[in-house]
Amino acid sequence: MENQIKKKTTVYRFDVFKGSVDETGKVNKIKTVGSAYVREGLSTYTLHLKTLLKDTFYLLQNTKSPSPDFVILTREPAQNMNRKYFWNNVGEAHVLSDQNEGIMKLKWDVIAGELYMKVAPIRVTEIEPHEADTFDQVA
């Protein structure tokens with residue numbers, strides 16, 4: 001059993017950027033402000049902003065209602081022994097359409113500004129099985 005070859009994990013990276021909307025309604029990128037990551041087979045994105053280096057946010061598709069498309073969460077260790085984490089809802093995200101197809105607008109409850117995320121990954125990386133544990137701890 002020890003000789004079994006463990007499969008590499010594919011990690012997708014997405015650009016998080018500050019943007020502005022022009023007079024036609026098109027979102028224009030001003031500068032990159034962070035990145036989001038998702039491992040193949042998982043549905044929770046891990047999001048880091050360069051301004052808040054020690055904070056990790058999680059982007060999870062909203063399955064409870066039609067709007068918003070995603071919720072932005074933070075997590076902390078749960079006080080209840082039956083749960084591993086307590087999740088805090090700190091914002092929402094909406095997938096844009098028409099001329100802004102392929103972009104998601106991110107809105108935090110307490111952070112002002114126009115932040116967006118590209119829906120298509122900007123980089124795909126394969127990591128070794130032992131690196132996946134380290135990735136999860138950092139992410």
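Thresholds applied
The written sequence of each chain sets the order in which its residues are numbered from 1. Local features in this predicted model are restricted to residues of pLDDT 70 or higher, and side-chain atom pairs are both shown and tallied only at a pLDDT of 80 or more, whereas totals for entire chains, interfaces and linings draw on every residue. To obtain the side-chain values, all non-hydrogen atoms of the structure were used and water was disregarded. To qualify as a helix, a DSSP run of H or I must reach at least 4 residues; to qualify as a strand, a run of E must reach at least 2; elements of each kind are numbered from the N terminus. Exposure categories follow from relative accessible area, calculated using a 1.4 Å probe and restricted to protein chains: below 20% of the type maximum is buried, above 50% is exposed, and the middle band is partly exposed. The contact rule is simple, with two residues in contact once any of their heavy atoms fall within 4.5 Å. Each accessible area is a Shrake-Rupley estimate made with a 1.4 Å probe; only the visible protein chains count as cover when residues are assessed. Pairing of aromatic rings covers Phe, Tyr and Trp, the last through its six-membered ring, and needs centres within 6.5 Å; plane angles under 30 degrees mean stacked, over 60 mean edge-to-face, and all others mean tilted. When the NZ atom of lysine or the CZ atom of arginine is within 6 Å of a ring's centre and also within 35 degrees of its normal, the charge is said to sit over that ring. N or O atoms closer than or at 3.5 Å make up a polar contact, with two conditions inside protein: a donor-capable atom paired with an acceptor-capable one, and, for residues adjacent in sequence, both atoms drawn from side chains.

J.: Sorry if this is basic, but what is going on with the overall build of the chain here?
T.: Helix and strand content of the chain: 1 helix and 9 strands. For the chain, the sequential pattern of α-helices and β-strands runs β-β-β-β-β-β-β-β-β-α. Across the 139 residues of the chain, 33% fall into the buried class. Taking the contacts inside the chain whose residues are at least 6 apart along the sequence as the reference set, 41% of them involve residues at least 24 apart. Element-wise, carbon and sulfur atoms account for 50% of the exposed surface of the chain, whose accessible area totals about 9,600 Å².

J.: Whenever I open this one, the packing of aromatic side chains confuses me. Can you help?
T.: Working definition: an aromatic ring pair is given by the centre-to-centre distance plus the angle between the planes. Throughout the structure, instances matching the rule amount to 6 aromatic pairs. Between Phe14 and Tyr45, the aromatic rings sit 5.3 Å apart at their centres with planes inclined by 65°, giving edge-to-face as the arrangement. Taken together, the positions of Phe14 in strand β1 (residues 9–21) and Tyr45 in strand β3 (residues 45–49) put the pair 31 residues apart, joining distant regions of the chain. A ring pair is formed by Tyr45 and Phe70, whose centres lie 6.2 Å apart and whose planes are at 80°; its orientation type is edge-to-face. In this pair, Tyr45 sits in strand β3 while Phe70 sits in strand β5 (residues 70–77), placing the two residues 25 residues apart along the sequence. Summarising the burial analysis for this pair, Tyr45 and Phe70 share the class buried. Taking the ring centre of Tyr85 as reference, the NZ or CZ of Arg75 above it sits at 3.9 Å.

J.: Can you walk me through the environment of Asn89 in this structure?
T.: Checked against the element boundaries, Asn89 lands in strand β6 (residues 85–95). Residue classification places Asn89 among the partly exposed positions, given a relative accessible area of 48%. Spatially, the C-alpha atom of Asn89 lies 6.8 Å from that of Val71, the residues being 18 residues apart in sequence. In this structure, Asn89 is in contact with Val71, Ile72, Leu73 and Asp109, ignoring residues within four places of it in sequence. At a separation of 3.3 Å, a polar atom in the side chain of Asn89 contacts the main-chain amide nitrogen of Gly91.

J.: For this particular structure, what's the right way to read unusual backbone geometry?
T.: With the exception of glycine, most residues fall at negative phi, and the peptide bonds are largely trans. At Asp98, a position not held by glycine, the phi torsion is positive, near 55°. With respect to the secondary-structure elements, Asp98 resides in the loop between β6 and β7 (103–108).

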